[in-house]
Amino acid sequence: MTAPVGIVLVSHSQALAAGVVDLAAQMAPDVLIVPAAGTDDGGLGTGFDRVLAGVERALGECEEVLVLADLGSAVLMAESVLDALGEDRAARVRLADAPFVEGTVAAAVTAHGGAGLVEVLASAEAAGGTFARAGRGRAADGAPAGSGAPADGSGSTGAGHERGARRARLRNPLGLHARPAAVLARSVAAFDARVAIDGANAASVLELMKLGVVGGHEVEIRAEGPQAEEALDMVVAAIEGGFGEAPPLDARLQ
Amino acid sequence: MALDVAWAQRWARQTAESISEAKSTLIDLDREIGDGDHGENLDRGFQAVVTKLDALEASPEHISDVLRLVATTLMSSVGGASGPLYGTAYLRAAKVTGLAELDAHGVVALLEGALEGIAARGRAVPGEKTMVDAWSPAVDAAVGAAGRGASPVEVLVAAADAAAEGARSTGPLVATKGRASYLGERSAGHEDPGATSSAIILRAAVLAATAPEHDPPTGDRPDVSTADEEGAS
């Protein structure tokens, strides 16, 4: 199953694009991510035909396409290609004003949840601020609207809403690194609940990674919304299961 | 001489030749304030244009066909920012040149299209030490010349002269757009490579109109391309 939004990476370097594809694909395996990079002779640069072919391939396999570009002239090239697509096809494509690596990762994870182009674009474009400063109000990688971190005890919940908190200890040595962060963020997005881990929006892979939580640490998980309990169960189980990569905690730590 | 489809092809070929001659100058300029690849990239791009023209089975019918061929070839083969910038310039120019032969106003329209393309793609305005600093005065001069009743070739000459002057005027400017802007104040003191190559392209348009193949060069050989051009005639 391919996610409805595909991603095209316009880069001067084939190696750079391939590396970012690898990174993002590990976190969002169902998203089509097409590299369109380098020159025909394998050098550094961007070429119209290669970028156009990448965008056309993504348009052929996906409903909508987000394009990310690495440096100045890659942006110009991407814009030139979008101009040449014609109105009908161009309406299904957007160019993100986003950092190449963080934007791609954030966009891919959001796209993996089945989000539409507007949401995936917002996700990419919000990614730049994530590492510089904790996002306030808005999910730092544009995780689905309304899934922001729940208030910590203040405020009221609507009728039928549940609220809860649990604690869990990370069991895998590397903790919430990229892959488990993406697993968690994707899983959380499937529930009708807003979930926070140590105050970070659990639907945002970038916010989770920024926590820097490693094995042995205990985290607090808060959730609210109609499926708060189910979400808590899932998150606790995932953390305590070590995301499938844990040698038992006791054997490795302390 | 008529500015027709044959001229358009001579222009493309002459540009390839002029850029090739100026390659080391462009590389040096770009090395001072950019990443040194402008001469190399543009030379590769225009050589690819010549290859494509040579490979055409039938002669192009319209000026716009030639401009479009140049546009798509540059976009695919230049590699750096000048690919989409010049590509867009030639594409926009192609849109306004449906005529079999350009009159004075047709020349103005072609130049305006090119300027609009570069300015829109690069989001640049005059004074930022970019290609626009060559194309913008070129358009102004062309408009003035056409208004005075100049011939199409005279309009082209006025544009090329103004572009060369515009390129020279970028020397003292501080770049605020493009790669050179990374250098800030240190970009001052060198002419902008993009403005310089723009002037070369426009001079080539004049050469193609005034010095057709196998004819001796005329009196108004250009400043920009006279440097190092033994054998060019």
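The numbers attached to residues start from 1 for each chain and follow its sequence in the written order. Chain letters and ligand numbers both follow the written order, the letters beginning at A and the numbers at 1. Side-chain atom pairs in this predicted model are given and counted only at pLDDT of 80 or more, local residue features only at pLDDT of at least 70, and totals for whole chains, interfaces and linings cover all residues. The basis for every side-chain value is the complete set of heavy atoms in the structure, and neither hydrogens nor water enter the calculation.

1. Things to note about the overall build of chain A
Operational definition: Helix numbering and strand numbering both begin at the N terminus, where a helix is a DSSP run of H or I of at least 4 residues and a strand a DSSP run of E of at least 2. Residue burial is assigned from relative accessible area. The probe radius is 1.4 Å, only protein chains are included, and a residue is buried under 20% of its type maximum, exposed over 50%, and partly exposed in between. Note on definitions: a residue-residue contact is assigned when non-hydrogen atoms from the two residues lie within 4.5 Å. The protein chains shown are the only cover counted for residues, whose accessible areas, like all others here, come from Shrake-Rupley with a 1.4 Å probe.
Within chain A one finds 10 helices and 8 strands. Residues classed as buried in chain A amount to 50% of the 254 residues present. Counting contacts in chain A only where the partners sit at least 6 residues apart, residues at least 24 apart contribute 78% of the total. Per element, the accessible surface of chain A, about 10700 Å² overall, is 50% carbon and sulfur.

2. As for the nonpolar core
All names here are of chain B. The condition is simple: Remark: nonpolar core denotes a set of buried residues (Ala, Val, Leu, Ile, Met, Phe, Trp, Tyr, Cys) joined through side-chain atoms within 4.5 Å.
Membership of the largest hydrophobic core comes to 70 residues, with the highest contact counts inside it found for Trp7, Trp11, Phe46 and Tyr90. Residue assignment for this core shows that the elements contributing at least two residues are helix H1 (5-33), helix H2 (38-55), helix H3 (63-77), helix H4 (82-95), helix H5 (104-122), helix H6 (132-147), helix H7 (152-169) and helix H8 (193-210). Once residues within four sequence positions are removed from consideration, Tyr90 is found in contact with Trp11, Phe46, Leu67, Val70, Ala71, Leu74 and Ile201.

3. Brief notes about the pattern of salt bridges
Stated formally: We define a salt bridge as a contact between a side-chain nitrogen of Lys or Arg and a carboxyl oxygen of Asp or Glu at a distance within 4 Å.
Counted under the stated rule, the structure contains 19 salt bridges over all chains. Put simply, Arg121 of chain B and Asp83 of chain A hold a salt bridge, and the shortest N to O gap is 2.5 Å. Of this pair, Arg121 of chain B sits in helix H5 while Asp83 of chain A sits in helix H3 (residues 72-84), each in a different chain. A relative accessible area of 6% places Arg121 of chain B in the buried class. Where Asp54 of chain B meets Arg13 of chain B, a salt bridge forms, and the shortest distance between an N and an O atom there is 2.8 Å. With Asp54 of chain B in helix H2 and Arg13 of chain B in helix H1, this pair connects stretches of sequence that are 41 residues apart. Taken together, the shared-partner salt bridges connect Glu79 and Asp83 of chain A together with Arg121 and Arg123 of chain B into one network.

4. Remarks on the domain arrangement of chain A
Note: interface size is frequently given as the accessible area lost on complex formation between the parts. Residue and element names in this part refer to chain A. Keep this limit in mind: For the domain bounds, the source is a domain assignment made automatically or taken from a database. Buried area: the accessible surface (1.4 Å probe) lost by two parts on joining, summed over both. Counted as a polar contact is a pair of N or O atoms within 3.5 Å, where, for protein atoms, one must be capable of donating a hydrogen and the other of accepting one, and residues adjacent in sequence contribute only when both atoms are in side chains.
Under the domain assignment used here, chain A contains domain 1 (5-129) and domain 2 (165-249). For domain 1 and domain 2, the distance between their C-alpha centroids amounts to 28 Å. The partner domain 2 presents 7 residues to the 10 residues of domain 1 that form the contact. Interface area for domain 1 against domain 2, summed over the two sides, is near 680 Å², with a carbon-plus-sulfur share of 80%. Broken down residue by residue, the surface that domain 1 buries against domain 2 is led by Gln26, Met27 and Val109, which jointly contribute 61%. Between domain 1 and domain 2 we count 0 salt bridges in total. Between domain 1 and domain 2 we count 2 residue pairs in polar contact (both at pLDDT 80 or more) in total. The biggest single contributor to the side of domain 1 that touches domain 2 is helix H5 (residues 100-112), with 5 residues.

5. Concerning the packing of aromatic side chains
Residue and element names in this part refer to chain B. The test is simple: Pairing of aromatic rings covers Phe, Tyr and the six-membered ring of Trp, with a centre-to-centre limit of 6.5 Å; geometry is then stacked below 30 degrees between planes, edge-to-face above 60, and tilted otherwise.
Scanning all chains against the criterion turns up 3 aromatic pairs over all chains. Look at Trp11 and Tyr90: their rings are 5.9 Å apart centre to centre, the planes differ by 45 degrees, and that puts the pair in the tilted class. You can see Trp11 sitting in helix H1 and its partner Tyr90 sitting in helix H4, a full 79 residues away along the chain. Just as Trp11 is buried, Tyr90 falls in that class too. Look at Phe46 and Tyr90: their rings are 6.5 Å apart centre to centre, the planes differ by 65 degrees, and that puts the pair in the edge-to-face class. Of the two residues, Phe46 is situated in helix H2 and Tyr90 in helix H4; the sequence distance between them amounts to 44 residues. When its relative accessible area of 1% is taken as the criterion, Phe46 is described as buried. Taken together, the ring pairs in this structure connect Trp7, Trp11, Phe46 and Tyr90 into an aromatic cluster.

6. Considerations on the sheet that holds strand E4 (residues 93-95) of chain A
Strands belonging to one sheet form pairs held by backbone hydrogen bonds; the direction of such a pair is parallel or antiparallel. All names here are of chain A. Put simply, the test is: A strand pair is defined by DSSP finding two or more bridges across the two strands. Every angle, taken between N-to-C directions, lies between 0 and 180 degrees, and every axis is a line fitted to C-alpha atoms, over only the stretch in contact when it is a helix.
Spatial ordering of the open sheet is given by E2-E1-E3-E4, a layout of 4 strands whose pairing is parallel. The open sheet terminates on both sides in strands that have one partner only, identified here as strand E2 (33-37) and E4. Taken pair by pair, the neighbouring strands of this sheet meet at an average axis angle of 20 degrees, ignoring direction. Here strand E1 (residues 5-11) runs beside strand E3 (residues 64-69); their pairing, made up of 6 bridges, is parallel. When the sheet's bridge partners are listed, Val10 is paired in E3 with Ala69.

7. Things to note about the packing of H4 of chain B against H5 of chain B
All names here are of chain B. Heads up, the condition is: The sense of a crossing depends on the near helix, which, turned anticlockwise from the far helix by less than a right angle, makes the crossing left-handed and, turned clockwise, makes it right-handed. Each residue gets one label: Ala, Val, Leu, Ile, Met, Phe, Trp, Tyr, Cys and Pro are nonpolar, Asp, Glu, Lys and Arg are charged, and the others, such as Gly, are polar.
Where H4 contacts H5, the two axes come as close as 7 Å, and the packing angle between them is 145 degrees. At the point where H4 passes H5, the crossing takes the right-handed sense. From H4, Pro84, Leu85, Tyr86, Thr88, Ala89, Arg92 and Ala93 reach across to H5, where they touch Leu110, Gly113, Ala114, Glu116, Gly117, Ile118, Ala120, Arg121 and Gly122. Of the residues that constitute the contact of H4 with H5, the class distribution is 9 nonpolar, 4 polar and 3 charged.

8. A few points about the interface of chain B and chain A
Between chain B and chain A, the contact holds 10 residues from the first and 12 residues from the second. Buried surface at the junction of chain B and chain A, summed over both partners, amounts to about 1100 Å²; 49% is from carbon and sulfur atoms. Per-residue buried area on chain B facing chain A is highest for Met75, Ser76 and Arg121 of chain B; these three make up 47% of the total on that side. Remark: the boundary between chain B and chain A carries 3 salt bridges.

9. Some details on H4 of chain B
The criterion, for reference: Expected helix span is given by 1.5 Å per residue-to-residue step, counting one fewer step than there are residues.
With 14 residues, H4 of chain B should reach 20 Å at 1.5 Å per residue; the first-to-last C-alpha distance of 20 Å fits that figure. Where burial is concerned, most of H4 of chain B is hidden: 11 out of the 14 residues are buried.

10. Digging into helix H1 (residues 14-27) of chain A
Every α-helical turn comprises 3.6 residues, leaving residues that sit three or four positions apart pointing alike. Residues and elements named next belong to chain A. The test is simple: It is the directions from the helix axis to the C-beta atoms whose arc is reported.
The end-to-end C-alpha distance of H1, which contains 14 residues, comes to 20 Å, matching closely the 20 Å that a straight helix rising 1.5 Å per residue would cover. Within H1, burial applies to Ala17, Val20, Val21, Ala24 and Met27. Projected down its long axis, H1 carries its buried residues within an arc of 125 degrees, all on one side. Opposite its buried face, H1 presents the exposed residues Ala15 and Asp22, each directed more than 90 degrees away. Check the buried side of H1 and you find it contacts E1, E2, H5, helix H7 (178-189) and helix H8 (205-211). Measuring from the backbone nitrogen of Ala15 back to the side-chain oxygen at the start of H1 gives 3.2 Å, which picks out Ser13 as the cap.

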